[in-house]
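Residue strings, one per chain:
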Amino acid sequence: MTDNAQATRTLSNGETIPVLGLGVWQVPDGKQTEQSVSMALEAGYRLIDTAQAYGNEASVGRAIRSSGIPREDIFLTTKFYPGSRDPLVEAEKSLRRLDTEYVDLYLIHWPQGGPTWAWPGMEKASEAGLAKAIGISNFGADELQELLKVSQIQPAVNQILFNPFDYRRALVEACEQAGVVAQAYSPLGTGQHLNNPVVGRIAEATGRTPAQVLIRWAIQKGLSVIPKSTHRERIEQNYAVFDFTLDDEAVTALDALDTTTQTPDALAPSDKWWS
Ligand code: A2P
């Protein structure tokens, strides 16, 4: 289902993940993160995405607590920072900062040191009940295949850089074939794609904003999507994407913006910040 705000995708562990969530990458810890998460929850978001590397888990936790929304109604993601050694130990620390007993999803943030070494620790975090689902982020199709050869619990999600300019079609297809839900971060290209003339033309023709067009495109590609904003009106606007559909002509025009030649890789070699 992609035509209402409660739309979800089903994960390999049988749980569901909302199609739309708030990402808090690059939102400073403290008031700004707390307010962004509070505004998103008030607007109806039920998926919040943070990470150990963002340094803002405590603020996310405070906003969730003070919302009064039952914990089980919120899908909470955090990510293992792979510069650390032990995903189980780091999950325990995350839960203390988040002031919660579990996360819904725990991802390896990027495949630093190779795609398989951290997985047994992720599986331990899952078996200990600290994470309902475990997954990966910034893994290319080859890295996903390597992981699938050794995993006892299969990864539920691969969170990737995905927008019309970073279409990565072969990677999304590899995820689909493996039963892994692909999730799009930087769906607006960290804001850089909002002024693109093709996006602008489609926005005008559909009576929507460029941000809504880019988010809707990623949803129609079958992904869960986590735009980031710290402004209430934008947070609300980004959530109002379930009452329109991009037609084939618009989707084709957006597809043509791809600069990755539909790559199976998660990032270009020069963009792998950890290697
Ligand atoms: P801000 O946080 O100041 O609102 P991405 O999700 O691709 O990382 O993009 C996030 C960037 O896009 C942020 O700089 C954010 O700014 C900006 N942004 C998010 N939503 C909107 C919107 N609806 N209109 C304009 N800019 C937006």
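About the thresholds
Residues numbered from 1 in each chain as written. Predicted model: local features only at pLDDT ≥ 70, side-chain atom pairs only at ≥ 80, totals over all residues. Heavy atoms only, no water. 1 Å grid on protein atoms, 1.4 Å probe; cavity = no way out; pocket = protein on both sides within 12 Å on 5 of 7 lines; lining within 4 Å. Points joined across faces, edges and corners; volume = space filled by probe spheres on them. Helix = DSSP H or I, 4+ residues; strand = E, 2+ residues; numbered from the N terminus. Nonpolar A, V, L, I, M, F, W, Y, C, P; charged D, E, K, R; others polar. Polar contact = N/O pair within 3.5 Å; in protein donor to acceptor, adjacent residues only side chain to side chain. Contact = heavy atoms within 4.5 Å. Axes fitted to C-alpha atoms, helices over the stretch in contact; angles between N-to-C directions. Parallel < 35°, antiparallel > 145°, perpendicular 65-115°, else oblique. Salt bridge = Lys/Arg side-chain N within 4 Å of Asp/Glu carboxyl O. Buried < 20%, exposed > 50% of the residue type's maximum accessible area, 1.4 Å probe, protein only. Near = heavy atom within 4 Å. Areas by Shrake-Rupley, 256 points an atom, 1.4 Å probe, with all protein chains shown as cover. Sits in = over half its atoms within 2 Å of the grid points. Pairing = 2+ DSSP bridges. Core = buried A, V, L, I, M, F, W, Y, C linked by side-chain atoms within 4.5 Å. Expected span 1.5 Å × (residues − 1). Arc of directions from axis to C-beta.

Caption draft 1: Molecular detail of the layout of surface pockets. A volume near 920 Å³ is recorded for the largest pocket. Surrounding the largest pocket, 45 residues form its lining, Trp25, Ser186, Gly189, Thr190 and Gly191 being those nearest its centre. Elements represented by at least two residues in the lining of the largest pocket include exactly strand E8 (157-161), helix H8 (210-220) and helix H9 (232-239). The leading source of residues in the lining of the largest pocket is H9, at 3 residues. Taken together, the residues of the lining of the largest pocket break down into 17 nonpolar, 21 polar and 7 charged. In this structure, the second largest pocket is lined by 17 residues; those nearest its centre are Thr16, Pro18, Arg46, Asp73 and Phe75. Partitioned by chemical class, the residues of the lining of the second largest pocket number 7 nonpolar, 4 polar and 6 charged.

Caption draft 2: Summary view of the side chain of Gln183. Positionally, Gln183 belongs in strand E9 (residues 181-185). Side-chain polar atoms of Gln183 contact the side chain of Ser224, separated by 3.0 Å. If we ignore the near neighbours within four places in the chain, the residues touching Gln183 are Ile17, Leu47, Asp49, Val157, Asn158, Gln159, Ile160, Leu223, Ser224, Val225 and Ile226.

Caption draft 3: Representation of the packing of helix H2 (residues 57-67) against helix H3 (residues 87-98) in the model. Packing of H2 against H3 leaves a shortest axis separation of 7 Å and a crossing angle of 45°. It follows that H2 is oblique to H3 by the angle criterion. In this structure, H2 uses Glu57, Ala58, Val60 and Gly61 to contact H3, whose residues at the interface are Ser94, Arg97 and Leu98. Residues that form the contact of H2 with H3 fall into these classes: 3 nonpolar, 2 polar and 2 charged.

Caption draft 4: Quick look at the pattern of salt bridges. Here the structure, examined in full by the defined rule, presents 12 salt bridges. Of the charged contacts in the structure, one is a salt bridge between Asp49 and Lys79, with a shortest N-O distance of 2.5 Å. Pair noted here: Asp49 is in strand E4 (residues 47-49) and Lys79 is in strand E5 (residues 75-80), with a separation of 30 residues, a long-range link. Among the residues examined, Asp49 registers a relative accessible area of 1% and is labelled buried. Judged by its relative accessible area of 0%, Lys79 falls in the buried class.

Caption draft 5: Quick look at the site of the ligand. Neighbouring residues of the ligand: 16 residues in total, closest Leu188, Ser229, His231, Arg234 and Gln237. Between Gly189 and the ligand, the recorded distance is 3.2 Å, taken from a backbone N or O atom to an oxygen atom. Separating an oxygen atom of the ligand from a side-chain N or O atom of Arg234 is a distance of 2.8 Å. In isolation the ligand has 570 Å² of accessible area, and contact with the protein removes 83% of it. When each cavity is represented as a set of grid points, the ligand is found to reside in the largest pocket. Broken down by element, the shell around the ligand gets its largest block of residues, 3 residues, from H9. Among the residues making up the shell around the ligand, the classes are represented as 5 nonpolar, 9 polar and 2 charged.

Caption draft 6: Just the sheet that holds strand E7 (residues 131-137), in detail. Judged by pairing direction, the sheet is parallel, and its 8 strands sit side by side in the order E3-E4-E5-E6-E7-E8-E9-E10 without closing on themselves. Either end of the sheet is taken by a strand with one partner, and the two such strands are strand E3 (22-23) and strand E10 (224-225). Where strand E6 (residues 103-108) lies against E7, 5 bridges are found, and the strand directions are parallel. Pairing of Leu105 across the sheet is with Ala133, part of E7.

Caption draft 7: Structural detail: the side chain of Ser224. By the secondary structure assignment, Ser224 is in strand E10. Beyond its immediate chain neighbours, meaning those up to four positions away, Ser224 contacts Ile17, Pro18, Val19, Leu47, Ala182, Gln183 and Ala184.

Caption draft 8: Inspection of the nonpolar core at higher detail. Ranked by internal contacts, the top residues of the largest apolar core, which has 76 residues, are Val37, Ile48, Tyr106, Phe162 and Leu246. Ranked by the residues each element gives to this core, the list is headed by H8, at 7 residues. Ignoring sequence-local partners within four residues, the contact set of Ile48 consists of Leu22, Val37, Ala40, Leu41, Val60, Ile74, Phe75, Leu76 and Thr77. Grouped together as the second largest cluster of nonpolar side chains are 16 residues, Leu11, Ile17, Val157 and Leu161 included.

Caption draft 9: Geometry of H3. With 12 residues, H3 extends 16 Å between its outermost C-alpha atoms, agreeing within 8% with the 16 Å of an ideal straight helix rising 1.5 Å per residue. All buried positions along H3 are accounted for by Pro87, Glu90, Ala91, Ser94, Leu95 and Leu98. Looking straight down H3, one finds that the buried residues subtend no more than 145° of arc, so they occupy a single side. Each element contacted by the buried residues of H3 is listed here: H2, E5, E6 and helix H4 (119-127). The N-cap residue of H3 is Asp86: its side-chain oxygen and the backbone nitrogen of Leu88 are 2.9 Å apart. The first or second residue beyond H3 is Asp99, which carries a positive phi of 55°.

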